[in-house]
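So you can see what is in the structure, the chains are spelled out below.
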Amino acid sequence: MQNKKKPQQKSNQSNSESEDTVPWWKDAVVYQIYPRSFQDSNGDGIGDLQGIIDRLDYLNGKEDSLGIDAIWLSPIYPSPMIDFGYDISDYHNIDPIFGDMYTFKILLKECHKRNIKVIMDLVINHTSDKHPWFMESKSSIDNPKRDWYIWKKAVNGKVPNNWMAAFGGRGWEWDESTQEYYFHGFTVEQPDLNWRNPEVRNEIIKMIRFWLDLGVDGFRLDVVNYYFKDDKFRDNPSHFFNGIREYERQDHIFDRNLPETHEFLQDFRELLDSYDGDRMSVGEVFMHPPGNAELPASFYGLEKKELHMAFNFSFLFCKWDTRSFKKVIQDWERNLKEDMWPNYTLSNHDQKRHITRYEKGNQTILRAKISAIMLLTLRGTPFLYYGEEIGMNSDSIPRKFIQDPLGVKYWPLFAGRDNCRQPMCWNKDENFGFSTNSPWLPTSKEGSITNVEEGSKNSNSLLNLYKKLITIRKKEKALQRGSQKLLFINNDKILAYIRIYKEQKIIILLNFTQEETRFFSGDEIGGYDRGKVLFSTNRKEESYFDLNIIALLPYEGIIIKLET
Ligand code: NOJ
């Protein structure tokens, strides 16, 4: 095994970072790829690893690349694809739809050549029901792997308790042949592992080592707060008015967020820290309805180090309204202790894309630009979702094409998540350059503001705005690492903040409205009459901005460097 370093024992998040030792993931812009939909290389209509390799120059390594520093790949392991890879049947391999281990190793090498880190999806709350572990477990009551999953006898002829599956319906599935129920937190085909069984934990740790030894740079942990379940299998208390579905009406105190998870995460972190190269972890702390930052913060580790980051999904639920974004920023800054590093994301593979959430006629593109400036200038790692840089939207998909199990079976009224998983639009060709064959999900001309080829040529495009912002973020340490303070907090039209790193001060002003704003800055900026425009949606870079009067055009976004 290469890449190993001596285990370091640190008791909390803090580490003695200096200018040169800031871990890469704090400075990074991460780009999530949904592999089925990025680029198809073999003409089967489904994206694959070779397709990603073919498109790496778009992501980094060339002068006109997007400039991202890491890709997070949604699951690429062998899977029956009931939940499109979130149902894994072999943790040590690559699904033939996507390629093979040899191609994966090339992908890793080609990414590293371009300074792109690779983050794998770690789905270890559950496996597929076709995983050999579950097949064995299901085969008989006394199979040695029986206890690797959560099996229970019926209670008075009924399900063992009131736990529900997050996708809908009871979490318990009856197995006729062994006359017991097994628990599944998602689809019936995704049985939950029994995390109380030490053999399961050992096997998972071994598997994590396998990928670390191969050289992957980090993991995104699927539903990290689900692993452990109450050992007494007590009913969750119900709150009648909390939501429409029974799942939402429960207080999930016995099937989520159990303290035992933190013990595992401490071991997991020690394992990551025993490798060189700052292997990182980011966890999905599943909350429904979305809550504040207190729970995610606890997964960074309060006593001992745990995850490097827990996802901040709050922007996914913000209305187009500065107050709602400000609330999230304040909440994260308040709840994260000094050494806990924030992160922000606007779109992912589970939610309607933000372009669609904030759609408003010809203001849509302006909103997309303002939100991109916000995401790429806030303190914390930005997570981009493939296609947001070209303004891909969540066009509704005709019902006959819907494939997501949520849309087909569990929650048909909601139509599922396919509309945020459509093929990437590379150019104007048939199938938008994604595939020579008809894609696994339909795309349409209206499905994106631009495509990569056209967007690259137009200096005013959303794509070029993303490229510029990423370049500026990398150049200006204040944007990557600086402290942050909200300004003009009571002004509901604009979102404004200052980022400070050593002598460097950068102010970001974002007008979220269609109206001009004009007001005296008073003493909020203190001592500066003007600043140099590093970037603006409306005015020339390198021009000067008068800081005494904050005058912004409708939907203007501007980044200003203060000069001493
Ligand atoms: C969360 C993932 O983001 C989602 O796509 C998946 O369906 C569930 N976990 C189950 O793994």
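What you see is a predicted model, and the numbers here were worked out from it, not measured in a lab.

(A) Representation of the overall build of the protein in the model. Of the regular secondary structure elements, the protein holds 15 helices and 19 strands. Relative to its length of 564 residues, the protein is compact, with a C-alpha radius of gyration of 24 Å against a globular reference of 24 Å. When its C-alpha atoms are laid out on the principal axes, the protein stretches across 75 × 55 × 55 Å. Across the 564 residues that make up the protein, the buried fraction comes to 61%. A separation threshold of at least 6 residues defines the contact pool for the protein, and within that pool the share at least 24 residues apart is 69%. Roughly 23,000 Å² of accessible area belongs to the protein as shown, and the carbon and sulfur atoms make up 49% of that amount. Positive and negative side-chain charges in the protein, numbering 75 and 82 respectively, have mean positions lying 3 Å apart.

(B) Here's a closer look at the pattern of salt bridges. Under the defined criterion, the tally for this structure stands at 39 salt bridges. For Glu333, the salt bridge identified is with Arg379, shortest N-O distance 3.1 Å. Of this pair, Glu333 sits in helix α9 (residues 322-335) while Arg379 sits in the loop between α11 (364-377) and β11 (381-385), and the two are 46 residues apart along the sequence. Relative accessible area serves as the criterion here: at 26%, Glu333 is assigned to the partly exposed category.

(C) Here's a closer look at the domain arrangement of the protein. Split by domain assignment, the protein resolves into domain 1 (24-125 + 198-473), domain 2 (132-183) and domain 3 (481-562). Here the C-alpha centre of domain 3 lies 57 Å away from the C-alpha centre of domain 2.

(D) Main features of helix α14 (residues 462-475). Compared with an ideal rise of 1.5 Å per residue, which puts 14 residues at 20 Å, α14 spans 20 Å between its outermost C-alpha atoms and is within 8% of the ideal. The element α14 is largely enclosed, with a buried count of 10 among its 14 residues. Taken as a whole, α14 has its buried residues at Leu462, Leu463, Asn464, Leu465, Tyr466, Lys467, Leu469, Ile470, Ile472 and Arg473.

(E) Here's a closer look at the pairing of strand β15 (residues 517-520). Every second residue of β15 is oriented toward a common face, the buried set being Thr517 and Phe519 and the non-buried set Arg518 and Phe520. When β15 meets strand β18 (residues 549-552), the two strands line up antiparallel, connected through four bridges. Of the residues in β18, the one forming a bridge with Thr517 is Leu552.

(F) Quick look at the pairing of strand β3 (residues 117-122). Burial within β3 is extensive, with five of its six residues counted as buried. The sheet contact formed by strand β2 (residues 70-73) and β3 spans four bridges and is parallel. Pairing of Ala70 across the sheet is with Lys117, part of β3. Note that the unit made of β2, helix α4 (residues 101-113) and β3 has a crossover that is right-handed.

(G) Up close: the layout of surface pockets. Taken as a whole, the largest pocket encloses approximately 750 Å³ of empty space. Residue lining of the largest pocket: 41 residues in total, with Phe286, His288, Phe317, Asp350 and Gln351 positioned closest to the centre. Class assignment for the residues of the lining of the largest pocket results in 21 nonpolar, 12 polar and eight charged.

(H) Quick look at α11. Between its terminal C-alpha atoms α11 stretches 20 Å, which fits the 20 Å expected from 14 residues at 1.5 Å a residue. Among the 14 residues of α11, 12 are classified as buried, and the element is accordingly described as predominantly covered. What α11 keeps buried is the set Thr364, Arg367, Ala368, Lys369, Ile370, Ser371, Ala372, Ile373, Met374, Leu375, Leu376 and Thr377.

(I) Representation of the site of the ligand in the model. Taken together, Asp83, Tyr86, His126, Phe167, Phe186, Arg220, Asp222, Glu284, His349, Asp350, Arg417 and Arg421 form the complete shell of residues around the ligand. At a separation of 2.5 Å, an oxygen atom of the ligand approaches a polar side-chain atom of Asp83. Contact between the ligand and Asp350: an oxygen atom at 2.5 Å from a side-chain N or O atom of the residue. Coverage of the ligand by the protein chains reaches 99% of its 300 Å² of free accessible surface. Judged by the proximity of its atoms to the pocket grid, the ligand belongs to the largest pocket. When the residues that make up the shell around the ligand are grouped by side-chain class, the tally is three nonpolar, two polar and seven charged.

Calculation notes
Residues numbered from 1 in each chain as written. Predicted model: local features only at pLDDT ≥ 70, side-chain atom pairs only at ≥ 80, totals over all residues. Heavy atoms only, no water. Helix = DSSP H or I, 4+ residues; strand = E, 2+ residues; numbered from the N terminus. Rg over C-alpha atoms; globule rule 2.2 N^0.38 Å. Buried < 20%, exposed > 50% of the residue type's maximum accessible area, 1.4 Å probe, protein only. Contact = heavy atoms within 4.5 Å. Areas by Shrake-Rupley, 256 points an atom, 1.4 Å probe, with all protein chains shown as cover. Lys, Arg positive; Asp, Glu negative; His and termini not counted. Charge placed at Lys NZ, Arg CZ, Asp CG, Glu CD. Salt bridge = Lys/Arg side-chain N within 4 Å of Asp/Glu carboxyl O. Domains from an automatic or database assignment. Expected span 1.5 Å × (residues − 1). Pairing = 2+ DSSP bridges. Right-handed = clockwise from strand over helix to strand, strands pointing away. 1 Å grid on protein atoms, 1.4 Å probe; cavity = no way out; pocket = protein on both sides within 12 Å on 5 of 7 lines; lining within 4 Å. Points joined across faces, edges and corners; volume = space filled by probe spheres on them. Nonpolar A, V, L, I, M, F, W, Y, C, P; charged D, E, K, R; others polar. Near = heavy atom within 4 Å. Polar contact = N/O pair within 3.5 Å; in protein donor to acceptor, adjacent residues only side chain to side chain. Sits in = over half its atoms within 2 Å of the grid points.

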